[in-house]
Amino acid sequence: MFDAMAPRTQPDNLRGTNVAPILPMSMREVVLRFGETAVLDGVSLDLGLRGCTVIMGSNGAGKSLLLKLMHGLIAPCSGSIKWGDLAPSDVMVRQALVFQKPVLLRRSVAANVDFVLKARGKGIAARDALLEHVGLLHKSAQPARLLSGGEAQRLALARALATDPEVLFLDEPTASLDPASVLVIERIVADARKRNVRVILVTHDIGQARRMADDVVFLHRGRIAEHSPASQFFPDPHSSVARDYLNGKIVV
Amino acid sequence: MLSKPYAVTAVSIFLAGAATAQDMSIIVQSTTSTANSGLYDYLLPIFQETSGIQVNVVAVGTGQAIKNAQNCDGDVLLVHAKASEEKFVSEGYGTVRTDLMYNDFVIVGPISDPAVVSGMTDVQGALGKIAEAGALFASRGDDSGTHKKELSLWSSAGVDPTASSGQWYRETGSGMGATLNAGIGMGAYVMTDRATWISFGNKQDYQISVQGDDDMFNQYGVIPVNPEKCPSVHADAAQIFSDWLVSSAGQDAIASYKVADQQLFFPNAPTK
Amino acid sequence: MLGEILQSIGEALGLAVALVFSGDPDLLEIVFLSLQVSLTATVFACVIGLPIGALVAIGRFRGRNAVLILMNALMGLPPVVVGLVVYLHLSRSGPLGFLGLLYTPTAMIIAQTILISPIVAALSRQVLEDLHAEYADQFRSLCLTRLQTIQALLWDARYSLLTVGLAGFGRAVAEVGAVIIVGGNIDHLTRVMTTAIALETSKGDLGLALALGIILLVIALGVNAAVQTVRMTAARQAYV
């Protein structure tokens, strides 16, 4: 059964003790090109064992692509990405990604969670606890695609948590949601983080970044302008582009 | 009477158990004229009542009926092209051919009668006038018994109509009914067997223009398919059906079938 | 001329209504066999065509374009050619003659299944490919197997695929070329709506033929309306 408060351990306690650890993550000189344009140009990044990493940067900086590269949905043109000693494609099954626009199946709310549980060979016993955790139990029988934006994103989160991921990627999960929904989703993500789920969050919302981040990666024009602990980044970013961004200046 | 084959049909769909349906039934590869005239609808219930054998009729042109029977896809052949039938038997596909009944061919045409042949009995003369006038003539063109008969009449009239194919001579490549529909639609003369014409429902302004020539005689024959060529045929049931048709009971039944008070077929099986 | 046509359609309409309300057992038998043959063929065509459509929809393999062209071309299979090919196989002198299937409803189902399987495959391929474009990243992130992906796509596209099945059924129930060759249009055994219409036309009984055509049209309308109702219900739940 899903227990929102039960901590995870490394290596994954549910898949046996002989599973190779997937953290820390290390990315070296990654280049991603669309045609002649380098959208990510020599990105190197190390992510530690715990906490919530927030990726920030203006539109087109390459944040979502960086997320997909780390998850293994796209492959870099050059450079390397390693989770422990493993390639992204080998660990994808131990991670979950919540898309900016939730991709919900044309089924009921409950069936959306059941689908993931069954696909992973688990029973559907955990479904109600998961829905309860995201506050959607009372909507179990409703068509998923009639949910409001905030509810839909919470269902996408419940579905991601149903895979019991070690790493949770979130691509602007609260963009264009009302403040109440934002707080509910932040609470769910914070709970996951407390359970030692490694959270990697892309957001434009500076307030949200302040509330969630343990460390911040600031992307600018396909390069990492800055990677600092949150305690340092927000009061005193050392890159000028990050400082301008935090001060509300438009950085292109 | 209807429920039994119907139930068998339903079962055979899913079990592919058509063999059970055919134990009690035979397939007759037949010319269209006998089927379209309604003769079978009249005859078969009488036969089934006395024999208990279900007779299924596949009505196609004589040429196709013979080919289907050569492929063993029928138990009895009932057509009207004597030369082809005798060849069918001599090649071993059929056991024996028996004269069954006759009627005659007629040439039907529009009342306007563009070739001025109405009332003629001399069929060769009439065909000659049609060709001379270049009046439209719709032919079956499908290698059927009627088509073969028509070609032999043209030949004896000394006309090669196929030289004008697509001009005044229109080969429909279709069955009798379809050819009549087409011919009437375009105002063409059509040669048809009398039975089909009498029971045909779309006559419009058409009438019989030419009839009564001895050369227009139309003989039907019946042939059981040979089990030596086709081991899968239901030879016993086929023989029973064939025997019944030429028996006095079958011949009387044929003679008593009338449409609009007109007898369509005249039994002439040799008496045993 | 137009007046005459309208009049004959009007007469046929009256005849069709009279036929239906007479409850003529022969007519009911023909209607029922038509539905049975074509619906069964549609089910089989879906069993064959949907997995093929799904495989091509999500597959990226060499020669995929050639497969697409072939599938689309096969949608235009002439019924009479299908009938002929099936006849040659099922004929007692053919390779499958020992089955004794020629001139049975089973033969008609086989012919119609062959006729409409490409339609189901080609149309479902389009539907499933569109849906997959929406789901692909999510499914890859979930590390679904190919089988799980296909199952999920087929289930989530179920209401769109209903329309695909309907297209196949429409083609099957309306065709005459294949069933008349392999079925033989045998009264009380293999006579269906279309072969009955062909027969009445060849008898020159155009009114009856037209009346039967109207009944066939009404049946097709009924099936379409039923499917449309299901789809609209599903659409209200955003399941389409």
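Rules and cut-offs
- Residues numbered from 1 in each chain as written.
- Chains lettered and ligands numbered in written order.
- Predicted model: local features only at pLDDT ≥ 70, side-chain atom pairs only at ≥ 80, totals over all residues.
- Contact = placed C-beta atoms within 7 Å.
- Helix = DSSP H or I, 4+ residues; strand = E, 2+ residues; numbered from the N terminus.
- Nonpolar A, V, L, I, M, F, W, Y, C, P; charged D, E, K, R; others polar.
- Pairing = 2+ DSSP bridges.
- Axes fitted to C-alpha atoms, helices over the stretch in contact; angles between N-to-C directions.
- Buried ≥ 20, exposed ≤ 12 C-beta atoms within 10 Å, placed from the backbone.
- Core = buried A, V, L, I, M, F, W, Y, C linked by C-beta atoms within 7 Å.
- Domains from an automatic or database assignment.
- Right-handed = clockwise from strand over helix to strand, strands pointing away.

Peer 1: Would you mind going over the interface of chain A and chain C with me for this structure?
Peer 2: By a widely used convention, the size of an interface equals the accessible area lost when the partners come together. The partner chain C presents 15 residues to the 17 residues of chain A that form the contact. Within the residue set of the side of chain A that touches chain C, elements represented by two or more residues are strand S5 (95–98) and helix H3 (109–119) of chain A. Counting residues per element, the side of chain A that touches chain C draws most heavily on H3(A), at three residues.

Peer 1: Could you clarify how one ought to interpret the interface of chain B and chain C in this entry?
Peer 2: On the side of chain C, 30 residues touch chain B, which itself brings 32 residues to the contact. Of all the elements in the fold, those that place two or more residues in the side of chain B that touches chain C are helix H1 (3–15), helix H2 (18–23), helix H3 (32–36), strand S2 (54–59) and helix H9 (176–186) of chain B. Among the residues forming the side of chain B that touches chain C, the class breakdown is 17 nonpolar, 14 polar and one charged.

Peer 1: Looking at this model, I keep getting lost on the sheet that holds strand S6 (residues 167–171) of chain A. Mind explaining?
Peer 2: What links the strands of a sheet is backbone hydrogen bonding, and the strands pair in either a parallel or an antiparallel sense. Residue and element names in this part refer to chain A. The six strands lie next to each other as S5-S6-S7-S3-S8-S9, forming an open sheet whose pairing is mixed. Looking at which strands have only one partner, the edges of the open sheet turn out to be S5 and strand S9 (223–229). This sheet shows a mean twist of 15 degrees between the axes of neighbouring strands, independent of strand direction. Here strand S3 (residues 52–56) runs beside strand S8 (residues 215–220); their pairing, made up of four bridges, is parallel. Across the sheet, the residue bridging to Thr-53 is Asp-215, located in S8. In the packing of helix H6 (residues 179–194) onto the sheet, the strands contacted are S3, S6 and strand S7 (198–202), and the crossing angle to S7 comes to about 145 degrees.

Peer 1: Teacher, can you tell me more about the environment of B:Gly119 here?
Peer 2: All names here are of chain B. Structurally, the position occupied by Gly-119 is in the loop between strand S4 (98–110) and helix H7 (123–133). The exposure class of Gly-119 is exposed, given the 12 C-beta atoms found within 10 Å. C-alpha of Gly-119 to C-alpha of Ile-208: the two residues are 89 residues apart in sequence and 8.2 Å apart in space.

Peer 1: What is the right way to read unusual backbone geometry from this model?
Peer 2: Peptide bonds are mostly trans, and most non-glycine residues show a negative phi. All names here are of chain A. In the segment running from Leu-23 into Pro-24, the intervening peptide bond is cis, with an omega of 5 degrees. Relative to the assigned elements, Pro-24 resides in the segment before strand S1 (25–34). Backbone geometry at Glu-172 places phi at a positive 45 degrees, although glycine is not the residue there. Take Glu-172: it is sitting in the loop between S6 and H6.

Peer 1: Looking at this structure, how should I read the nonpolar core?
Peer 2: Membership of the largest hydrophobic core comes to 217 residues, with the highest contact counts inside it found for A:Leu155, A:Ala158, B:Leu77, C:Val86, C:Ala107, C:Ala111 and C:Val182. The biggest single contributor to this core is helix H5 (residues 105–141) of chain C, with 17 residues. For this core, the two domains that each supply at least three residues are domain 1 (3–102 + 218–267) and domain 2 (104–216) of chain B. Excluding residues that lie within four positions of it along the chain, C:Val86 makes contacts with C:Ala107, C:Ile110, C:Ala111, C:Ile114, C:Ala178 and C:Val182.

Peer 1: Quick question: what am I supposed to make of the pairing of S7(A) here?
Peer 2: Here is the key point about a regular strand: its side chains alternate between the two faces of the sheet. Residues and elements named next belong to chain A. Of all the five residues making up S7, five are buried; the element is thus mostly covered by neighbouring parts of the structure. Alternating residues of S7 divide into Arg-198, Ile-200 and Val-202 and Val-199 and Leu-201, and every residue in both groups is buried. Pairing between S6 and S7: five bridges, direction parallel. The partner of Asp-171 across the bridge, within S7, is Val-202. With H6 bridging S6 and the parallel S7, this β-α-β connection has right-handed handedness.

Peer 1: What is the right way to look at the sheet that holds strand S4 (residues 78–83) of chain A in this model?
Peer 2: Residues and elements named next belong to chain A. Read from one edge to the other, the open sheet built from three strands follows the order S2-S1-S4, with strand pairing classed as antiparallel. The sheet is open, and its two borders are formed by strand S2 (37–47) and S4, each paired with just one other strand. Ignoring strand direction, the axes of neighbouring strands in this sheet form an average angle of 20 degrees. Relative to S4, S1 runs antiparallel, the two sharing five bridges. Across the sheet, residue Met-25 finds its bridge partner in S4, namely Trp-83.

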